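# Reading the structure
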Amino acid sequence: MSRHDREQFLADRRVGVLGVVDPRGGDRAPLVVPVWYGYEAGGEIVVQTGRETVKGQLLRAAGRFSLCVQDERRPYRYVSVEGPVVAIEDPVPPAVREDLAHRYLEPNEARAYLAATIAQLKDDVLFRLSPQRWRTADFAAFAADFTESGAESAI
């Protein structure tokens with residue numbers, strides 16, 4: 001994907017899968033969990049989580065994480081990005097929390113969610129990642145080649 005395409009893909013509303021090193025035990029794999037995230041093209045990625053959660057503790061300790069987002073509809077596409085945590089905001093700013101809720105929920109659902117989870121404001125922190133390394137794939141070209149090859153061999 002071009003830089004513009006990958007940034008727009010990441011900016012679109014998708015659930016991300018966050019990965020962070022988990023050094024708590026010798027044979028543990030990285031912690032990999034789905035998350036809501038915020039991103040505007042050219043900016044930082046923001047992720048909110050509880051201060052005392054395993055995810056929050058690992059993010060703070062590692063000082064970096066990766067995020068992968070995908071479109072599971074054909075032709076498949078994904079963007080994976082990793083980088084350092086450049087800021088931790090503790091507690092999470094209410095405006096950012098509201099933005100995330102409205103990004104993922106319909107307006108009435110977002111208002112209800114924010115009201116029902118107001119206590120999280122004192123328990124949640126915000127991590128800001130500066131994108132450093134990108135990996136992308138857009139299988140549209142491959143799918144077109146595959147479809148054309150299949151059509152030609154059927155003739």
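The structure contained in this document is the topic of the report that follows. Note that this is a predicted model, so its numbers are computed, not measured.

Definitions and cut-offs
- Per-chain numbering applies: the sequence of each chain, read as written, is numbered from 1 onward.
- Totals for whole chains, interfaces and linings use all residues, but because this is a predicted model, local features are given only for residues with pLDDT of at least 70 and pairs of side-chain atoms are given and counted only at 80 or more.
- Neither water nor hydrogens contribute to the side-chain values; these are computed over all heavy atoms in the structure.
- For the purposes of this section, nonpolar cores are sets of buried Ala, Val, Leu, Ile, Met, Phe, Trp, Tyr and Cys residues that join through side-chain atoms within 4.5 Å.
- The rule is simple: take the accessible area with a 1.4 Å probe, protein chains only, and divide by the maximum for that residue type; under 20% is buried, over 50% is exposed, in between is partly exposed.
- Strands here are runs of E lasting at least two residues and helices are runs of H or I lasting at least four, both read from the DSSP assignment and numbered beginning at the N terminus.
- Between two residues, a contact is recorded if the distance between any of their heavy atoms is within 4.5 Å.
- Two aromatic rings, drawn from Phe, Tyr or Trp (for Trp, its six-membered ring), form a pair once their centres lie within 6.5 Å of each other, and the interplanar angle then sorts them: stacked below 30 degrees, edge-to-face above 60, tilted otherwise.
- Each salt bridge in this description consists of a side-chain nitrogen of Lys or Arg and a carboxyl oxygen of Asp or Glu lying within 4 Å of one another.
- Within 3.5 Å is the distance limit for a polar contact, defined as a pair of N or O atoms, with the added protein rule that one can donate a hydrogen and the other accept it, and that residues adjacent in sequence qualify only through two side-chain atoms.
- Note on method: axes are straight lines fitted to C-alpha atoms, helices fitted across the in-contact stretch only, with angles between N-to-C directions ranging 0 to 180 degrees.
- Each angle receives one of four descriptions, namely roughly parallel if under 35 degrees, roughly antiparallel if over 145, roughly perpendicular if within 65 to 115, and oblique otherwise.
- Helix crossings get a hand from a simple test, with the near helix turned counterclockwise from the far one by less than a right angle marking a left-handed crossing and a clockwise turn marking a right-handed one.

## Side note on the nonpolar core
Counting 25 residues, the largest nonpolar core has Leu10, Leu18, Tyr37, Ile45, Phe65 and Leu67 as the members making the most contacts within it. Of all the secondary structure elements, the ones that give two or more residues to this core are helix H1 (3–11), strand E1 (16–20), strand E2 (31–35), strand E3 (45–50), helix H2 (54–62), strand E4 (64–71), strand E5 (77–89) and strand E6 (124–129). In this structure Leu18 touches Leu31, Val32, Val33, Val35, Val47, Lys55, Leu59, Phe65, Ser66 and Leu67, once residues within four positions along its chain are discounted. Formed by 5 residues, the second largest nonpolar core is a distinct cluster that contains Val46, Val92, Val96 and Leu126.

## Re the packing of aromatic side chains
Overall, the coordinates contain 2 aromatic pairs when judged by the stated rule. A ring pair is formed by Trp36 and Tyr104, whose centres lie 5.0 Å apart and whose planes are at 5 degrees; its orientation type is stacked. On the criterion of sequence distance, the pair formed by Trp36 in the loop between E2 and E3 and Tyr104 in helix H3 (residues 94–104) is long-range, its members being 68 residues apart. Taking relative accessible area as the criterion, Tyr104 reaches 13% and is therefore assigned buried. Both rings, one in Trp36 and one in Tyr113, keep their centres 5.5 Å apart while their planes meet at 55 degrees; by these two values the pair is tilted. A residue pair is termed long-range when its members are at least 10 positions apart, and Trp36 in the loop between E2 and E3 and Tyr113 in helix H4 (residues 107–116) qualify at 77 residues. Judged by relative accessible area, which is 29%, Trp36 ranks as partly exposed. Using a relative accessible area of 27% as the deciding quantity, one classes Tyr113 as partly exposed.

## Focus on the pattern of salt bridges
Applying the stated rule across the entire model yields 14 salt bridges. Note that Glu44 is salt-bridged to Arg128, the shortest N-O span being 3.6 Å. Taken as a pair, Glu44 in the loop between E2 and E3 and Arg128 in strand E6 lie far apart in primary sequence, 84 residues in all. Owing to a relative accessible area of 21%, Arg128 belongs among the partly exposed residues under this scheme. Put simply, Arg133 and Glu82 hold a salt bridge, and the shortest N to O gap is 3.3 Å. One end of the pair, Arg133, is in strand E7 (residues 133–138); the other, Glu82, is in strand E5, with 51 residues separating them in the sequence. When salt bridges that share partners are traced, they join Arg64, Glu82, Arg133 and Arg135 into one network.

## Quick notes on the environment of Val54
By the secondary structure assignment, Val54 is in helix H2. With a relative accessible area of 37%, Val54 lands in the partly exposed category. Sequence-wise, Val54 and Asp5 are 49 residues apart; in three dimensions their C-alpha atoms are separated by 33 Å. Sequence-distant contacts of Val54, that is, excluding residues within four places in its chain, are made with Arg24 and Leu31.

## Re H1
Among the residues of H1, those classed as buried are Arg6, Glu7, Phe9, Leu10 and Ala11. Looking at the buried residues of H1, the elements they touch are E3, E4, E5, H3 and E7.

## Structural notes on the environment of Thr53
By the element assignment, Thr53 lies in the loop between E3 and H2. Linking Thr53 and Asp124, residues 71 residues apart in sequence, is a C-alpha distance of 9.3 Å. Among the polar contacts made by the side chain of Thr53, one reaches the side chain of Thr49 at a distance of 3.3 Å.

## Comments concerning the packing of H3 against H4
Packed helices, taken two at a time, are described by their axes: the angle between them and the distance between them. Axis separation between H3 and H4 bottoms out at 8 Å; the angle between their running directions is 140 degrees. Comparing the axis directions of H3 and H4 gives the class oblique. When the axes of H3 and H4 are compared, the crossing they make is right-handed. Seen from H3, the contacting residues are Arg97, Glu98, Ala101 and His102; seen from H4, they are Pro107, Ala110, Tyr113 and Leu114.

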